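# Geometric and topological summary
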Amino acid sequence: MTATDLEMTLGPLSQIPPGEGRNFEVAGERVAVFHTRSGGVFAVQANCPHKNGPLADGLVGGTTVICPLHAWKFDVSTGEPTSFTASQAGGGSCKLKTYAVRVDENQRIVLTLQVPEMVEAVM
Amino acid sequence: MSKKKKNLVVIGNGMAGARTVEEILARRGNDLFDITMFGDEPYGNYNRILLSNVLNGSQQEQEIFLNPIEWYRENNITLHVGVYAESILRKSRCVLGADGSIEPYDKLIIATGSRSYVPPVDGLTLPDGQYKPGVFVFRTLDDCREIAEYAKNTRGRAAIIGGGLLGLEAARGLQNYGLQVDVIHRSQHLMNQQLDPQAGAILKSTMEQMGIGVLLGKNTTAILGEDRVTGLRFADGSVLQCDMVVMAAGIKPNAEIGQRCGLRVQRAMIVDNQMRSLDDPDIYVVGECAQHRGHVYGLVAPLWEQAKVLADHITGANPTAAYHGSKVATKLKVMGVEMAAMGITEPVDERDEIVQFTEPRKGTYKKLIIRDGRLVGGILLGDISKAAYLMQAFDRNTPLPEDRLTLLFDIGAPSKKITIEEMPADMQVCNCNGVSKGVIMSCVKAGKRNPKAVMEATRAGLGCGSCKSIVTEIVEFACGGEVEEDPSVHYYVPGVPLAKPELIKACFEKDLKSVSAVFRELAGGKEDPASKPGLASLLNTIWAGEYEKEPDARFINERVHANIQKDGTFSVVPQMAGGVTNPAELRRIADVAEKYNVPMVKLTGGQRIDLLGVKKDDLPKIWKDLGIPSGHAYGKSYRTCKSCVGSEFCRFGVGDSTTLAIKIEHKFKGIDTPHKVKMATAGCPRNCSEAMVKDIGAVAVEGGKWEIYVGGAAGAHVRKGDILCVVDSHEEVLKYSARFMQYYRENAKYLERTYGFVERLGIEKIRAVVVDDSDGIAARLDAAIEASIAAYRDPWQEAYTAARPTEFASLLPVIQ
Ligand code: SRM
Ligand SMILES: Cc1cc2nc3c(=O)[nH]c(=O)nc-3n(C[C@H](O)[C@H](O)[C@H](O)COP(=O)(O)OP(=O)(O)OC[C@H]3O[C@@H](n4cnc5c(N)ncnc54)[C@H](O)[C@@H]3O)c2cc1C
Ligand code: SF4
Ligand code: FES
């Protein structure tokens, strides 16, 4: 079964105030979408790899998000952990899953999901 | 022109392996070698000696890492993390990893350490060969986790086999999980490697006082239980019932990998003075898996010495470097008992003289063994104030002073300065990381002129931390009193390079009223997320109503006005001024709890009711239904004012504490402060509401007066407040509390509680400003806090008007 890219429109960017994040559920996956103060839009897995903290509720600055529960830090543009404790955990395997995301001409968020072909057929 | 680099492979990235590589890097190893490491454990390198702290809960797992994964990346080291090196092919000069990897080497370092020695007893395993559930060893982080997990679910009784350092540490750790713990030891006294029978006996009674059972002279022959541990049987036929057992009976070097490829092995792999295997000049061995002149060391200090010699030799930095063995002297803290031990524990030669002091009731014991005027053995228990001096004399074999009494006690202690000055350069200061005074001195010479920078560069003080104060003293000494302060220590927040007064000044001058404006104007546009809440708090303090709110600058709690819980739900604490409520209010709270299926309703330590486990989406509805203002239990702000019944009902009451508490709550609710401010009022000095240990407390005393206490604390830090002043009325309590609060708001660092603030400035200074108006700012302080009070809006009222429509949605709908 091969995977294909599927573009999904999530809704208007204006739903996410600059400097904050919100969660979406897409094709059964929870995704946190961040809208940075400089206008960037990034999407990563919704839950922190540490203890499932809701990353969308974290503090954002530049492309860094700080998890609201125990302050692990991640770069939302790459998914890489950026604080010492986060990068240390799990032998360095606690990278966040990232999703390709862009804003279209109507200022709507468009997320690219990798879906197995079967799912696409169903849709 | 550059010659091709050689391949260096290291097996094992524990304490010795990683340290050796660090030493090699420090000798320009990256120019000489392409370095590859195999590490069986799925982590970077951590400080194994701190595992006991992790087990007993005094340190978090994350705190003990020494070399994080990115350290390997940054230093161009290929780390096969979580990969066991299976064999060494000496003919084809490569190492085979269990994951199928093949790494060719020109030079190889074996640093496989050791594993726990498990004595052969019956009933250790199940028929499938696995350890019986409840049987554990204590060597790795994973062991530590498994022990903790089992202990949590077991309660009951635990037995530790082995009464050495490791066993006692494990015992202390397990006691913290509420288990009854017994230590089983084969020998006739505890820690027989380091202590003599007398010291062992003192330690035993100390342990027993702490509630730990000690069984001596017991040989375990079997572990009882069908499918999990239920007890132990001993050689004398007796039985001990227990639910888990931890093996801490010694270590066994991981030497098989050397044996299989034909290296000579006795207890461990045998090395020469350059730490090379006797059988292959390209294979080095270091750490607990190495045997040098018959010795296998089980402590870290000798490993550091070995690592240095190895690095000197392999890089050619010093081809004549040689290791001549280590004299083992240890300083330990076992179960809170400080001890130091070095050399022999009993006289062995007729020249040996003993100097001894015992005070068993206090748990103090000191014994020195002296031969020809030099120290050959020593035990210090309870009081180890002379340990540094004695360990040095032992290590360097220096002649001892004639007055033996001064060896055991400080008689007319010399001043500190002289001690540091007299300390020889090669004296080891940090025993965890093997850093000497000389290294610290040269680090300062090289330009690191403050303790923090020196500690980061040399790693001194970053092991168990007990030597931090000496390191600081040496840095101060080396700087000749001109310690350069690390400027960032004084920044109000890490992301903006200004101390609080300068930051306030800049905000006024440039008219900066929002957090984003501060980053733009004062931090070169670089947003530091960790600095945002502190800045928001400060701007709100200095601009009161004019502050431009940016919710993204606030921690989630202050964005949604509730406290985030471990599962992402929130807790809601309605205001309950002074802890006083009424049936109607209680009924509404009860209705809300039922309507929204609130999982737990609990009284808080702050005298109000907490609704825990509320879904984010329900928050606005709950506030609306409650119709009670926010209690601000989530904020870095004024929190709550507890009260006692006071003169209205209490037969001892001399002041009306409930009415005062209600007035306080209404005045200060929601005021932003550098950290939490908790208050209380007590109707008499019996202090039932604990007002003397609050940030601000008012205690009624005879004659209609109120004592105002500030800087009290009874959380992680306990401190009795200092009396700010004694006043005559509720109004005066409010006035001085408000003025103190504003002074604190303007002058404390972010996240500095009043207990730190009052101690830093001193109560005299604070009293002078707040009560006697020494700086002439009282009127301004009063006006400033009144402005903040006037700008207050109840966030719950504001929030359910939903100015930000998606604020409380835990999930946004996908709108195609
Ligand atoms: C709810 C409550 C426990 C309870 O069930 O009773 C509580 C809960 C928390 N306390 Fe507390 N503290 C509570 C009363 C106290 C008290 C007692 C008191 O207020 O009289 C103290 C000691 C007094 C003091 O602060 O000096 C107290 C000292 C702490 C500390 C230690 C502060 C210190 O520097 O010593 C922390 C940690 C911190 O602030 O960093 C803390 C932190 C916390 C946090 C906020 C931890 C966190 O960041 O999530 C807890 C939130 C739990 C949650 O999920 O809602 N809590 N905490 C109490 C709320 C009181 C209220 O009505 O507002
Ligand atoms: C709980 C505890 C408390 C201690 N307290 C103290 C103390 O207070 N003071 C003190 O001085 N010492 C103390 N020690 C001892 C100290 O930790 C050891 O002396 C030190 O860790 C030895 O370092 P090492 O590198 O030789 O071995 P280790 O640190 O064990 O490192 C060896 C590493 O190699 C890995 N490895 C083994 N074989 C292979 C292979 N074939 N392939 C890949 N990887 C492999 C292992 O998984 C391990 O990670 C304590 C030890 C423990 C367990
Ligand atoms: S003491 Fe306070 S911070 Fe700790 S668990 Fe209890 S409520 Fe949470
Ligand atoms: S859950 Fe994210 S840091 Fe702990």
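Up top you'll find the structure we're talking about.
Residues numbered from 1 in each chain as written. Chains lettered and ligands numbered in written order. Predicted model: local features only at pLDDT ≥ 70, side-chain atom pairs only at ≥ 80, totals over all residues. Heavy atoms only, no water.

### Notes on the overall build of chain B
Condition: Only runs of H or I of at least four residues qualify as helices and only runs of E of at least two qualify as strands under DSSP, and these elements are numbered from the N terminus. Partly exposed describes any residue whose relative accessible area lies between the buried limit of under 20% and the exposed limit of over 50%, with all areas from a 1.4 Å probe on protein chains only and scaled to the type maximum. Note on definitions: a residue-residue contact is assigned when non-hydrogen atoms from the two residues lie within 4.5 Å.
The helix and strand inventory of chain B stands at 27 helices and 41 strands. Taking all 816 residues of chain B together, 54% fall into the buried category. Contacts in chain B between residues at least 24 apart in sequence constitute 61% of all its contacts with a sequence separation of at least 6.

### Things to note about the sheet that holds strand β15 (residues 220-224) of chain B
Residues and elements named next belong to chain B. So the rule is basically this: Only when DSSP finds a minimum of two bridges between them are two strands counted as paired. The angle between two axes is taken between their N-to-C directions and runs from 0 to 180 degrees, where each axis is a line fitted to C-alpha atoms and a helix contributes only its stretch in contact.
Reading across from one edge, β15-β16-β17 is the order of the three strands in this open sheet, with antiparallel pairing throughout. Of all the strands in the sheet, just β15 and β17 (239-241) have a single pairing partner and so form its edges. Between one strand and the next, the sheet's axes are offset by a mean angle of 20°, whatever the strand orientation.

### A short note on the packing of aromatic side chains
Any aromatic ring pair is given by two values, namely how distant the centres are and how the planes are angled relative to each other. All names here are of chain B. Filter applied, for reference: A pair of aromatic rings is counted whenever rings of Phe, Tyr or Trp (Trp by its six-membered ring) have centres within 6.5 Å, and the orientation is called stacked for planes under 30 degrees apart, edge-to-face for over 60 and tilted otherwise. Note on criteria: charge over ring means Lys NZ or Arg CZ within 6 Å of the ring centre, with the direction from the centre no more than 35 degrees off the ring normal.
Tallied over the full model, the rule gives 16 aromatic pairs over all chains. Note on Y743 and F757: the rings are 6.0 Å apart at their centroids and 65° apart in plane angle, and the pair reads as edge-to-face. One end of the pair, Y743, is in helix α23 (residues 730-747); the other, F757, is in helix α24 (residues 754-761), and 14 residues separate them in sequence. Here Y743 matches F757 in class, with each residue buried. Within the aromatic cluster, the residues linked to one another by ring pairs are F740, Y743, Y744 and F757. Above the face of the Y389 ring, K386 is positioned so that its terminal group lies 5.6 Å from the ring centre. When the ring centre of W543 is taken as reference, the NZ or CZ atom of K513 above it lies at 4.8 Å.

### With respect to the site of ligand 1
Residues and elements named next belong to chain B. Which entries qualify depends on this criterion: Near, as used in this document, describes a residue that has one of its heavy atoms within 4 Å of the molecule or strand being considered. Polar contact criterion, stated in full: a pair of N or O atoms within 3.5 Å, where within protein one must be able to donate a hydrogen and the other to accept it, and residues adjacent in sequence count only if both atoms are side-chain atoms. Note on residue categories: nonpolar means Ala, Val, Leu, Ile, Met, Phe, Trp, Tyr, Cys or Pro, charged means Asp, Glu, Lys or Arg, and polar means any other residue, Gly included.
Lining the immediate environment of ligand 1, one finds 22 residues, of which Q565, G605, R608, K676 and Y755 sit closest. Between ligand 1 and the protein, one listed contact pairs an oxygen atom with a side-chain N or O atom of R608 at 2.6 Å. Within the side chain of Y755, an N or O atom sits 2.6 Å from an oxygen atom of ligand 1. Its residues assigned to classes, the shell around ligand 1 shows five nonpolar, nine polar and eight charged.

### Digging into the interface of chain A and chain B
Applicable threshold: When two parts are put together, the accessible area they lose, computed with a 1.4 Å probe and summed over both, is reported as buried area. Salt bridges are counted wherever a side-chain nitrogen of Lys or Arg sits within 4 Å of a carboxyl oxygen of Asp or Glu.
Tallying the contact residues gives 40 residues for chain A and 40 residues for chain B. Carbon and sulfur atoms supply 54% of the area buried between chain A and chain B, which totals about 3,200 Å² over both sides. Summed over the shared surface of chain A and chain B, the number is six salt bridges. Counting across the chain A and chain B interface gives 11 residue pairs in polar contact (both at pLDDT 80 or more). For the side of chain A that touches chain B, the elements supplying multiple residues, two or more each, are β1 (3-12), β2 (20-26), β5 (59-61), β6 (64-66) and α1 (84-88) of chain A. In terms of residue class, the side of chain A that touches chain B is built from 15 nonpolar, 16 polar and nine charged.

### Here's the deal with the sheet that holds strand β7 (residues 94-97) of chain B
All names here are of chain B. Across the sheet, which stays open at both edges, the three strands sit in the order β6-β7-β8 with antiparallel pairing between neighbours. Strand pairing shows two members of the sheet lacking a second neighbour, β6 (85-89) and β8 (102-104), which therefore form its edges. This sheet shows a mean twist of 20° between the axes of neighbouring strands, independent of strand direction. Here β7 pairs with β8 via three bridges, running antiparallel. Paired with C94 across the two strands is P104, which belongs to β8.

### Description of the pairing of strand β12 (residues 157-161) of chain B
All names here are of chain B. Threshold: A right-handed crossover is one whose linking path, passing over the helix from the first strand to the second, runs clockwise when the strands point away from the viewer.
Within β12, four of the five residues are buried, leaving the element largely enclosed by the surrounding structure. Where β12 and strand β13 (residues 180-184) come together, five bridges link them in parallel fashion. Bridged to A158 within β13 is V181. In terms of handedness, the path from β12 via helix α6 (residues 165-175) over to β13 forms a crossover that is right-handed. Inspection of the sheet shows β12 paired to strand β18 (residues 244-247) by four bridges, in the parallel sense. In the strand pairing of β18, A158 is matched with M244.

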